[in-house]
Amino acid sequence: MTEQLAVDSKRRELGDFLRARRSRLSPESVGLPRHRQRRTPGLRREEVAELAGIGVDWYIRLEQGRPVTPSAGTVDALARALRLTELEHQHLRALAGGGGRKAFQPEIAPTALISLLTSLSQPAYITGRRRDLVAWNAAADDVFGFDQLAEDERNILVSMLTVPRSRDLFGPGWAEEAQRMVAKFRATHDLWAGDPAFVALLRRLREGCPEFEAWWERHDIRRPASGRKTLHHPTRGVIAFDHASFQANDDPGLKLVIYTPVAAN
(Lines give C-alpha, C1' and ligand atoms only; values in the text may rest on other atoms or scores of the structure.)
Protein backbone atom coordinates (compact mmCIF):
# COMPACT_ATOMS: atom_id res chain seq x y z
CA MET A 1 0.00 0.00 0.00
CA THR A 2 1.42 3.39 -0.99
CA GLU A 3 1.60 6.17 1.56
CA GLN A 4 -0.84 8.26 -0.50
CA LEU A 5 -3.39 5.45 -0.52
CA ALA A 6 -3.04 5.16 3.26
CA VAL A 7 -3.62 8.91 3.66
CA ASP A 8 -6.66 8.85 1.35
CA SER A 9 -8.16 5.88 3.20
CA LYS A 10 -7.72 7.61 6.54
CA ARG A 11 -9.42 10.74 5.17
CA ARG A 12 -12.40 8.65 4.08
CA GLU A 13 -12.66 7.17 7.56
CA LEU A 14 -12.53 10.70 8.99
CA GLY A 15 -15.46 11.72 6.79
CA ASP A 16 -17.43 8.60 7.68
CA PHE A 17 -16.80 9.15 11.38
CA LEU A 18 -18.02 12.76 11.19
CA ARG A 19 -21.17 11.70 9.32
CA ALA A 20 -21.89 8.93 11.81
CA ARG A 21 -21.61 11.29 14.75
CA ARG A 22 -23.64 14.02 13.01
CA SER A 23 -26.48 11.57 12.35
CA ARG A 24 -26.80 10.83 16.08
CA LEU A 25 -27.57 14.37 17.17
CA SER A 26 -30.88 16.19 17.02
CA PRO A 27 -31.15 19.99 16.73
CA GLU A 28 -32.71 20.10 20.19
CA SER A 29 -29.79 18.21 21.74
CA VAL A 30 -27.39 20.98 20.71
CA GLY A 31 -29.68 23.93 21.39
CA LEU A 32 -30.91 24.52 17.82
CA PRO A 33 -34.59 24.96 16.89
CA ARG A 34 -36.31 22.33 14.74
CA HIS A 35 -37.99 24.28 11.94
CA ARG A 36 -39.55 21.44 9.95
CA GLN A 37 -39.65 17.69 9.55
CA ARG A 38 -36.37 16.22 8.33
CA ARG A 39 -36.03 13.48 5.77
CA THR A 40 -32.99 12.02 7.51
CA PRO A 41 -32.07 11.93 11.22
CA GLY A 42 -29.33 14.04 12.71
CA LEU A 43 -27.87 17.47 12.20
CA ARG A 44 -27.34 19.02 8.80
CA ARG A 45 -23.81 19.75 7.63
CA GLU A 46 -24.37 23.51 7.81
CA GLU A 47 -25.52 23.16 11.41
CA VAL A 48 -22.35 21.32 12.39
CA ALA A 49 -20.27 23.97 10.60
CA GLU A 50 -22.13 26.74 12.41
CA LEU A 51 -21.68 25.09 15.80
CA ALA A 52 -17.97 24.56 15.13
CA GLY A 53 -17.44 28.05 13.72
CA ILE A 54 -16.07 26.87 10.36
CA GLY A 55 -17.15 27.31 6.74
CA VAL A 56 -19.84 24.99 5.39
CA ASP A 57 -17.94 24.23 2.17
CA TRP A 58 -14.82 23.40 4.14
CA TYR A 59 -16.73 21.07 6.44
CA ILE A 60 -18.33 19.36 3.44
CA ARG A 61 -14.86 18.73 2.02
CA LEU A 62 -13.90 17.09 5.32
CA GLU A 63 -16.90 14.75 5.19
CA GLN A 64 -16.14 13.93 1.57
CA GLY A 65 -12.62 12.86 2.46
CA ARG A 66 -11.09 15.61 0.35
CA PRO A 67 -7.42 16.64 0.83
CA VAL A 68 -7.88 19.19 3.59
CA THR A 69 -6.09 19.07 6.93
CA PRO A 70 -7.94 20.54 9.92
CA SER A 71 -5.93 22.34 12.57
CA ALA A 72 -5.90 21.15 16.17
CA GLY A 73 -8.25 23.99 17.04
CA THR A 74 -10.70 22.95 14.33
CA VAL A 75 -10.63 19.34 15.51
CA ASP A 76 -11.40 20.50 19.04
CA ALA A 77 -14.24 22.71 17.76
CA LEU A 78 -15.74 19.80 15.83
CA ALA A 79 -15.48 17.58 18.89
CA ARG A 80 -17.44 20.14 20.91
CA ALA A 81 -20.01 20.65 18.15
CA LEU A 82 -20.60 16.91 17.79
CA ARG A 83 -20.61 16.31 21.56
CA LEU A 84 -17.84 13.73 21.30
CA THR A 85 -16.65 11.79 24.29
CA GLU A 86 -13.00 12.07 25.31
CA LEU A 87 -12.21 8.79 23.57
CA GLU A 88 -14.02 9.84 20.38
CA HIS A 89 -12.18 13.18 20.50
CA GLN A 90 -8.86 11.31 20.64
CA HIS A 91 -9.93 9.18 17.70
CA LEU A 92 -10.85 12.26 15.68
CA ARG A 93 -7.43 13.76 16.39
CA ALA A 94 -5.73 10.56 15.21
CA LEU A 95 -7.75 10.48 11.99
CA ALA A 96 -7.07 14.15 11.30
CA GLY A 97 -3.31 13.74 11.76
CA GLY A 98 -1.23 13.86 8.61
CA GLY A 99 0.70 11.01 7.05
CA GLY A 100 -0.06 7.36 6.47
CA ARG A 101 1.37 4.10 7.74
CA LYS A 102 3.65 1.48 6.28
CA ALA A 103 2.05 -1.70 5.02
CA PHE A 104 0.93 -4.02 7.81
CA GLN A 105 3.26 -6.84 8.77
CA PRO A 106 2.19 -9.66 11.13
CA GLU A 107 3.71 -9.29 14.57
CA ILE A 108 6.12 -11.80 16.10
CA ALA A 109 6.09 -12.17 19.88
CA PRO A 110 9.54 -12.06 21.53
CA THR A 111 10.82 -15.20 23.22
CA ALA A 112 10.56 -13.73 26.72
CA LEU A 113 6.88 -12.92 26.23
CA ILE A 114 6.18 -16.43 24.93
CA SER A 115 7.95 -17.88 27.98
CA LEU A 116 5.80 -15.77 30.28
CA LEU A 117 2.67 -16.84 28.42
CA THR A 118 3.40 -20.56 28.66
CA SER A 119 4.33 -20.32 32.35
CA LEU A 120 0.89 -19.03 33.31
CA SER A 121 -1.66 -21.43 34.72
CA GLN A 122 -4.52 -19.06 33.82
CA PRO A 123 -5.89 -18.93 30.26
CA ALA A 124 -3.83 -16.38 28.33
CA TYR A 125 -3.09 -15.43 24.74
CA ILE A 126 -1.27 -12.78 22.70
CA THR A 127 -2.87 -10.78 19.88
CA GLY A 128 -1.58 -8.30 17.31
CA ARG A 129 -2.99 -5.07 15.89
CA ARG A 130 -5.32 -6.91 13.53
CA ARG A 131 -6.42 -9.11 16.46
CA ASP A 132 -4.59 -12.09 15.00
CA LEU A 133 -3.82 -14.79 17.54
CA VAL A 134 -0.04 -14.73 17.81
CA ALA A 135 0.27 -17.32 20.61
CA TRP A 136 -1.75 -18.93 23.41
CA ASN A 137 -1.20 -21.33 26.28
CA ALA A 138 -2.77 -24.70 27.05
CA ALA A 139 -5.25 -23.21 29.50
CA ALA A 140 -6.56 -20.82 26.83
CA ASP A 141 -6.99 -23.71 24.41
CA ASP A 142 -8.94 -25.62 27.05
CA VAL A 143 -11.41 -22.74 27.36
CA PHE A 144 -11.53 -21.27 23.83
CA GLY A 145 -10.50 -24.22 21.66
CA PHE A 146 -7.86 -22.25 19.78
CA ASP A 147 -6.02 -25.42 18.67
CA GLN A 148 -9.16 -26.51 16.80
CA LEU A 149 -9.36 -23.31 14.73
CA ALA A 150 -8.31 -23.43 11.11
CA GLU A 151 -5.31 -21.29 10.20
CA ASP A 152 -7.49 -18.55 8.70
CA GLU A 153 -9.74 -18.54 11.80
CA ARG A 154 -6.91 -17.74 14.22
CA ASN A 155 -8.01 -14.18 14.77
CA ILE A 156 -10.05 -13.10 17.78
CA LEU A 157 -12.61 -11.22 15.67
CA VAL A 158 -12.96 -13.98 13.07
CA SER A 159 -13.31 -16.60 15.79
CA MET A 160 -15.81 -14.57 17.81
CA LEU A 161 -18.00 -13.43 14.92
CA THR A 162 -17.90 -16.30 12.43
CA VAL A 163 -17.24 -19.55 14.33
CA PRO A 164 -20.48 -21.06 15.72
CA ARG A 165 -18.64 -22.53 18.71
CA SER A 166 -17.90 -19.01 19.97
CA ARG A 167 -21.58 -18.08 19.94
CA ASP A 168 -22.29 -21.13 22.05
CA LEU A 169 -19.40 -20.36 24.40
CA PHE A 170 -20.60 -16.82 25.15
CA GLY A 171 -24.26 -17.82 25.23
CA PRO A 172 -26.78 -15.01 25.86
CA GLY A 173 -23.94 -12.49 26.20
CA TRP A 174 -22.49 -13.14 22.73
CA ALA A 175 -23.99 -10.14 20.93
CA GLU A 176 -22.96 -7.66 23.63
CA GLU A 177 -19.43 -9.01 23.77
CA ALA A 178 -19.13 -9.14 19.97
CA GLN A 179 -20.22 -5.50 19.64
CA ARG A 180 -17.73 -4.48 22.30
CA MET A 181 -14.93 -6.21 20.40
CA VAL A 182 -15.95 -4.56 17.12
CA ALA A 183 -15.95 -1.11 18.75
CA LYS A 184 -12.48 -1.72 20.22
CA PHE A 185 -11.18 -2.80 16.82
CA ARG A 186 -12.72 0.18 15.03
CA ALA A 187 -10.23 2.63 16.55
CA THR A 188 -7.29 0.55 15.32
CA HIS A 189 -8.77 -0.21 11.91
CA ASP A 190 -9.41 3.41 10.97
CA LEU A 191 -5.71 4.21 11.27
CA TRP A 192 -4.89 1.25 8.97
CA ALA A 193 -7.84 1.76 6.61
CA GLY A 194 -7.09 0.65 3.08
CA ASP A 195 -4.28 -1.71 4.05
CA PRO A 196 -4.85 -5.01 2.20
CA ALA A 197 -4.58 -7.06 5.40
CA PHE A 198 -7.31 -5.01 7.08
CA VAL A 199 -9.47 -4.93 3.93
CA ALA A 200 -9.31 -8.73 3.78
CA LEU A 201 -10.28 -9.02 7.45
CA LEU A 202 -13.32 -6.77 6.99
CA ARG A 203 -14.41 -8.80 3.97
CA ARG A 204 -14.20 -11.99 6.02
CA LEU A 205 -16.24 -10.50 8.87
CA ARG A 206 -18.91 -9.15 6.54
CA GLU A 207 -19.27 -12.49 4.80
CA GLY A 208 -19.28 -14.56 7.99
CA CYS A 209 -21.36 -12.50 10.42
CA PRO A 210 -24.82 -11.15 9.46
CA GLU A 211 -24.80 -8.67 12.35
CA PHE A 212 -21.36 -7.21 11.64
CA GLU A 213 -22.23 -4.59 9.01
CA ALA A 214 -24.81 -2.80 11.17
CA TRP A 215 -22.39 -2.71 14.12
CA TRP A 216 -19.54 -1.50 11.92
CA GLU A 217 -21.54 1.37 10.41
CA ARG A 218 -22.19 2.83 13.86
CA HIS A 219 -18.49 3.82 14.12
CA ASP A 220 -18.59 3.07 17.85
CA ILE A 221 -15.24 3.50 19.58
CA ARG A 222 -14.20 1.78 22.80
CA ARG A 223 -10.89 1.47 24.60
CA PRO A 224 -9.53 -1.79 26.01
CA ALA A 225 -10.69 -2.37 29.55
CA SER A 226 -10.60 -5.11 32.13
CA GLY A 227 -13.83 -6.80 33.13
CA ARG A 228 -15.65 -10.05 33.74
CA LYS A 229 -16.88 -12.61 31.23
CA THR A 230 -19.28 -15.49 31.81
CA LEU A 231 -18.74 -18.44 29.50
CA HIS A 232 -20.79 -21.56 28.81
CA HIS A 233 -18.17 -24.26 28.39
CA PRO A 234 -19.32 -27.51 26.73
CA THR A 235 -17.84 -29.73 29.46
CA ARG A 236 -17.16 -27.43 32.43
CA GLY A 237 -20.51 -25.65 32.42
CA VAL A 238 -20.90 -21.99 33.30
CA ILE A 239 -17.59 -20.42 34.34
CA ALA A 240 -16.66 -16.81 35.03
CA PHE A 241 -13.34 -15.04 34.47
CA ASP A 242 -11.91 -11.64 35.25
CA HIS A 243 -9.81 -10.52 32.29
CA ALA A 244 -7.19 -7.84 31.67
CA SER A 245 -4.84 -6.99 28.79
CA PHE A 246 -1.25 -5.74 28.87
CA GLN A 247 0.63 -3.98 26.08
CA ALA A 248 4.08 -5.31 25.25
CA ASN A 249 7.05 -2.95 25.49
CA ASP A 250 8.83 -4.69 22.60
CA ASP A 251 5.97 -3.98 20.18
CA PRO A 252 2.97 -1.84 21.22
CA GLY A 253 0.85 -3.78 18.74
CA LEU A 254 1.16 -6.91 20.87
CA LYS A 255 -1.17 -7.46 23.80
CA LEU A 256 -1.12 -10.17 26.41
CA VAL A 257 -4.63 -11.05 27.60
CA ILE A 258 -5.01 -13.00 30.86
CA TYR A 259 -8.18 -14.62 32.23
CA THR A 260 -8.35 -15.28 35.96
CA PRO A 261 -11.05 -17.73 37.11
CA VAL A 262 -13.61 -16.30 39.51
CA ALA A 263 -14.41 -18.60 42.42
CA ALA A 264 -18.05 -19.67 42.60
CA ASN A 265 -20.02 -18.20 45.50
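Please refer to the structure placed before this passage.
Residues numbered from 1 in each chain as written. Predicted model: local features only at pLDDT ≥ 70, side-chain atom pairs only at ≥ 80, totals over all residues. Heavy atoms only, no water.

Give a description of the pairing of strand β4 (residues 237-247) that names residues and reports values.
Examined bridge by bridge, strand β3 (residues 227-233) and β4 share seven bridges and lie antiparallel to one another. Counted as the bridge partner of L231 is I239 from β4. Counted between consecutive antiparallel strands, the loop separating β3 from β4 contains three residues. As paired strands, β4 and strand β5 (residues 255-261) are joined by seven bridges and run antiparallel to one another. (Pairing = 2+ DSSP bridges. Helix = DSSP H or I, 4+ residues; strand = E, 2+ residues; numbered from the N terminus.)

Any details on the pairing of β5? Residues and values, ideally.
Looking at chain direction, strand β1 (residues 124-127) and β5 are connected through four bridges and run antiparallel. Looking at β5, one finds that I126 is bridged to L256.

I'd like to hear about the packing of aromatic side chains, residue by residue, with values.
One pass over the full model with this rule turns up 14 aromatic pairs. Measuring from ring centre to ring centre gives 5.5 Å for F104 and F198, while their planes differ by 85°; the resulting arrangement is edge-to-face. One end of the pair, F104, is in the loop between α5 (86-96) and α6 (111-119); the other, F198, is in helix α11 (residues 196-208), and 94 residues separate them in sequence. By relative accessible area, F104 is classed as buried at 9%. Each ring, one from F241 and one from Y259, has its centre 5.9 Å from the other, and the planes form 80°; the classification is edge-to-face. One end of the pair, F241, is in strand β4; the other, Y259, is in strand β5, with 18 residues separating them in the sequence. Comparing F241 with Y259, the two get one shared label, buried. Three or more aromatic residues joined by ring pairs form one cluster here, namely F104, F185, W192, F198, F212 and W216. We note R167 situated over the ring of W174; from NZ or CZ to the ring centre the distance is 3.8 Å. Its guanidinium or amino end placed over the ring of W216, R186 lies 3.9 Å from that ring's centre, counting from NZ or CZ. (Phe/Tyr/Trp six-rings, centres within 6.5 Å; stacked < 30°, edge-to-face > 60°. Buried < 20%, exposed > 50% of the residue type's maximum accessible area, 1.4 Å probe, protein only. Lys NZ or Arg CZ within 6 Å of the ring centre and 35° of its normal.)

Summarise the nonpolar core; cite the residues concerned and give the values.
Y125, F144, F146, L161, F212 and L231 are the most contacted members of the largest nonpolar core, which has 36 residues in total. When residues no more than four places from it in sequence are discounted, the contact partners of F212 are L161, V182, L202, L205 and R206. (Core = buried A, V, L, I, M, F, W, Y, C linked by side-chain atoms within 4.5 Å. Contact = heavy atoms within 4.5 Å.)

By themselves, these figures tell us nothing about what the structure is for.
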